[in-house]
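Each chain is listed here by its residues.
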Amino acid sequence: MREPIRHWTQKNMPDLHGSYAVVTGGTSGVGFAMSAALLRHGATVIIVGKQASKGVTAAAKLRAQTGQQNVTFMGADLADQAATKHLANRLLRMLPKLDILINNAGVMMPAKRTLTRDGLELMWAVNYFAGFILTIELMPLLLRSDHARVVNVASIAMGRPHLTFNQFDGHDYRPWTIYTTTKLAQAMMVVKLNQLLTEAGQSVTVTGSSPGLAATSLKTISSRKTAWLMRMGALSFRLLPFLRQSPDQAALPALYAATDPNAQGGVIYAPHAWRGLRGYPALWAWNQRPELHDQKLLDRLYRASRNVTGV
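My aim in this report is to walk through the structure given alongside it, one point at a time. Keep in mind that this is a model prediction, so the values were computed, not measured.

A short note on the overall build of the chain
Inference 1: Helix and strand counts for the chain come out as 10 helices and 8 strands.
Inference 2: Here the chain holds 311 residues, and the buried ones make up 56% of them.
Inference 3: In the chain, once contacts between residues fewer than 6 apart in sequence are set aside, the share between residues at least 24 apart is 76%.
Inference 4: When the accessible surface of the chain is split by element, carbon and sulfur atoms take 52% of a total near 13600 Å².

See below:
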């Protein structure tokens, strides 16, 4: 595995004119910063979010900040599999190809278990299965690109996530455990899908990233609708704001994975310093996790994901 060059920044991004990019969760925070960087370098960008008013405002703000007009908002509730598949169908009809897909949308530790209409726990539905559906359903567009990139945005959240296959409904609800496990599943699917595409001789690369600790909407969390760990985290970041980096800095690992010619498939990039908390893009310690090298477990997750989503 090759490390990125030291101190890689947006200045190192290649020219992206003629490229098409889709960023889920692109209406705010780190996803917004990713979208702005892609726009500045010439890409046509589609940002995906749930709230129409927020999305339209975000698109207008991106145009004003970057001076680029090639940004479109598309609304979709990624917790709903039918809505996610409908989004994919709209993109298939709309785009001539797809060069970059960043599966960035996520839900972080609601206080109470929420079931989607598909019978899935909310974090599993949005953090993991939505990205899996979009990646598979948009493969015809990705294959039209000379070298498309798919980036799954994981998380610095460590803990000891343990993947089982009877947990997708979150019946024994522990917010931290489920959140970290959905992020582990995202990383595992980076490895598995990249394997499948490489074996098939396809030019699509699947890779992953973690933003580290980012100064985004976590600072506003005080509601009892979020888990107590989130509320404690929000308080600590108010007291120690220097712990977190800006959204622009936090976006760098995903941007490196999505655009740099030297980025590799089947690996995860994260900030280089403070055990992945902040800094410039580097290979992440999670690349050594045993689950990412357990072929039977990877195969089982892939089969389960197809069964759950029907794609």
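More follows now that the structure is in view.
Quick look at the sheet that holds strand β7 (residues 268-273)
Strand pairing in a sheet relies on backbone hydrogen bonds. The paired strands run either parallel or antiparallel.
Inference 1: Taken in spatial order, the 8 strands of this open sheet run β3-β2-β1-β4-β5-β6-β7-β8, and their pairing is mixed. The open sheet has two free edges, formed respectively by β3 (71-75) and β8 (278-283), since each of these has just one partner strand. On average, each strand axis in the sheet is inclined to that of its neighbour by 25°, with strand direction left out of account.
Inference 2: Of the pairings in the sheet, the one linking strand β1 (residues 20-24) to strand β2 (residues 44-49) comprises 5 bridges and is parallel in character.

A short note on the pattern of salt bridges
Oppositely charged side chains may form a pair once their charged atoms are brought near each other.
Inference 1: One pass over the full model with this rule turns up 5 salt bridges.
Inference 2: Between Lys-97 and Asp-99 there is a salt bridge, with the nearest N and O atoms lying 3.4 Å from each other.
Inference 3: Judged by relative accessible area, Asp-99 falls into the buried class, the value being 9%.
Inference 4: A salt bridge links Glu-291 to Arg-289, with the shortest nitrogen-to-oxygen separation between them at 3.0 Å.
Inference 5: By relative accessible area, which is 13% here, Glu-291 ends up buried.
Inference 6: Using a relative accessible area of 16% as the deciding quantity, one classes Arg-289 as buried.

Focus on the packing of helix α6 (residues 175-199) against helix α10 (residues 295-309)
Inference 1: Packing of α6 against α10 brings their axes to within 10 Å, and their N-to-C directions diverge by 95°. In terms of axis orientation, α6 runs roughly perpendicular to α10. On α10, the residues touching Ala-185, Met-188, Met-189, Val-191, Lys-192, Leu-193, Gln-195 and Leu-196 of α6 are Gln-295, Leu-297, Leu-298, Asp-299, Leu-301, Tyr-302 and Ser-305.
Inference 2: Of the residues assigned to the contact of α6 with α10, the class counts are 10 nonpolar, 3 polar and 2 charged.

Considering the packing of aromatic side chains
Inference 1: Summed over the entire model, instances satisfying the criterion amount to 11 aromatic pairs.
Inference 2: Between Phe-165 and Phe-168, the aromatic rings sit 6.4 Å apart at their centres with planes inclined by 90°, giving edge-to-face as the arrangement.
Inference 3: With a centroid separation of 5.0 Å and 70° between ring planes, the pair formed by Tyr-256 and Tyr-269 is classed as edge-to-face. Of this pair, Tyr-256 sits in helix α9 (residues 252-259) while Tyr-269 sits in strand β7; the two residues are 13 residues apart in sequence, bridging distant segments of the chain.
Inference 4: Judged by its relative accessible area of 0%, Tyr-269 is buried.
Inference 5: Among the aromatic residues, those joined into a cluster by ring pairs are Trp-124, Tyr-128, Phe-129, Phe-132, Phe-165, Phe-168 and Tyr-302.
Inference 6: Directly above the ring of Phe-32 sits Lys-61, whose terminal nitrogen or CZ lies 5.4 Å from the centroid.
Inference 7: For the cation-ring pair, Arg-289 lies above Trp-286, with the distance from its terminal atom to the ring centre recorded as 5.2 Å.

Here we look at the pairing of strand β6 (residues 205-209)
Inference 1: Along β6, 5 of the 5 residues are buried, which leaves the element largely enclosed by surrounding structure.
Inference 2: Residue alternation in β6 divides its side chains into two sets, Thr-205, Thr-207 and Ser-209 and Val-206 and Gly-208, and both sets are buried.
Inference 3: Of the strand pairs in this sheet, strand β5 (residues 149-153) and β6 are connected by 5 bridges, and their pairing is parallel. What sits directly across from Val-151, in β6, is Thr-207.
Inference 4: Pairing between β6 and β7: 2 bridges, direction parallel. Residue pairing across strands places Gly-208 opposite Ile-268, the latter belonging to β7.

Reading guide: rules and limits
Residues numbered from 1 in each chain as written. Predicted model: local features only at pLDDT ≥ 70, side-chain atom pairs only at ≥ 80, totals over all residues. Heavy atoms only, no water. Helix = DSSP H or I, 4+ residues; strand = E, 2+ residues; numbered from the N terminus. Buried < 20%, exposed > 50% of the residue type's maximum accessible area, 1.4 Å probe, protein only. Contact = heavy atoms within 4.5 Å. Areas by Shrake-Rupley, 256 points an atom, 1.4 Å probe, with all protein chains shown as cover. Pairing = 2+ DSSP bridges. Axes fitted to C-alpha atoms, helices over the stretch in contact; angles between N-to-C directions. Salt bridge = Lys/Arg side-chain N within 4 Å of Asp/Glu carboxyl O. Parallel < 35°, antiparallel > 145°, perpendicular 65-115°, else oblique. Nonpolar A, V, L, I, M, F, W, Y, C, P; charged D, E, K, R; others polar. Phe/Tyr/Trp six-rings, centres within 6.5 Å; stacked < 30°, edge-to-face > 60°. Lys NZ or Arg CZ within 6 Å of the ring centre and 35° of its normal.

Remember that the coordinates give geometry; whether it matters functionally is a separate question.
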